[in-house]
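# Inside the fold
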Amino acid sequence: MSAGGISIHAVDVAHGRPGTGMRVEIHRIMPDGERLVLADGVLGADGALDHPVKTGEGVEAGVHEVLFHLGAFFAATAERLPPPFLEVVPFRFRVFDASLHYHLPIKFTPWGFSLYRGA
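Attention here is on the structure that accompanies the text. (Residues numbered from 1 in each chain as written. Predicted model: local features only at pLDDT ≥ 70, side-chain atom pairs only at ≥ 80, totals over all residues. Heavy atoms only, no water.)

### Comments concerning the side chain of His-69
Looking at where His-69 falls in the secondary structure, it is placed in strand S5 (residues 62-69). At 2.6 Å, the side chain of His-69 and the side chain of Glu-25 are in polar contact. Beyond its immediate chain neighbours, meaning those up to four positions away, His-69 contacts Met-22, Arg-23, Val-24, Glu-25, Glu-87 and Val-88. (Helix = DSSP H or I, 4+ residues; strand = E, 2+ residues; numbered from the N terminus. Polar contact = N/O pair within 3.5 Å; in protein donor to acceptor, adjacent residues only side chain to side chain. Contact = heavy atoms within 4.5 Å.)

Right, here's the structure in full:
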């Protein structure tokens with residue numbers, strides 16, 4: 001296992017709350033296009049994914065993709081919102097050094113999002 005990893009943190013900036021309960025998947029995309037699931041879970045009370053992938057389990061150099069299930073997250077909330085505009089938001093990126101940590105925050109609303117590699 002490497003010293004790196006992939007961590008996720010989600011914040012609903014429209015309502016000022018973490019993305020508690022949002023389903024997130026992390027896949028490694030193989031050169032032939034096959035997808036290997038590294039993590040599939042829901043975000044905790046702090047909006048983070050508590051999974052061994054955050055300490056490097058399964059993370060190798062190459063292309064990875066995170067799928068944020070925003071549509072289901074908003075459909076499950078008590079707010080009276082119009083039907084969810086966003087369904088699943090993909091974030092495809094390259095791990096160029098598996099010994100490094102890749103922190104991937106998402107800030108989102110029912111209508112948009114911002115993804116980046118954080119510190």
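### Observations concerning the nonpolar core
Soluble globular proteins tend to pack their nonpolar side chains together in the buried interior. Counting 27 residues, the largest nonpolar core has Ile-6, Ile-8, Met-22, Ile-26, Val-66, Phe-68 and Phe-108 as the members making the most contacts within it. Among the elements of the structure, strand S1 (5-12), strand S3 (23-29), strand S4 (35-42), S5, helix H1 (70-75), strand S6 (88-95) and strand S7 (101-108) are those that each provide at least two residues to this core. (Core = buried A, V, L, I, M, F, W, Y, C linked by side-chain atoms within 4.5 Å. Buried < 20%, exposed > 50% of the residue type's maximum accessible area, 1.4 Å probe, protein only.)

### Let's talk about the sheet that holds strand S2 (residues 17-18)
If you trace the four strands from one edge of the open sheet to the other, you get S2-S1-S7-S8, paired in mixed fashion. The open sheet has two free edges, formed respectively by S2 and strand S8 (113-115), since each of these has just one partner strand. As paired elements, S1 and S2 share two bridges and run antiparallel to each other. Opposite Val-11, over in S2, you have Pro-18 as the bridge partner. (Pairing = 2+ DSSP bridges.)

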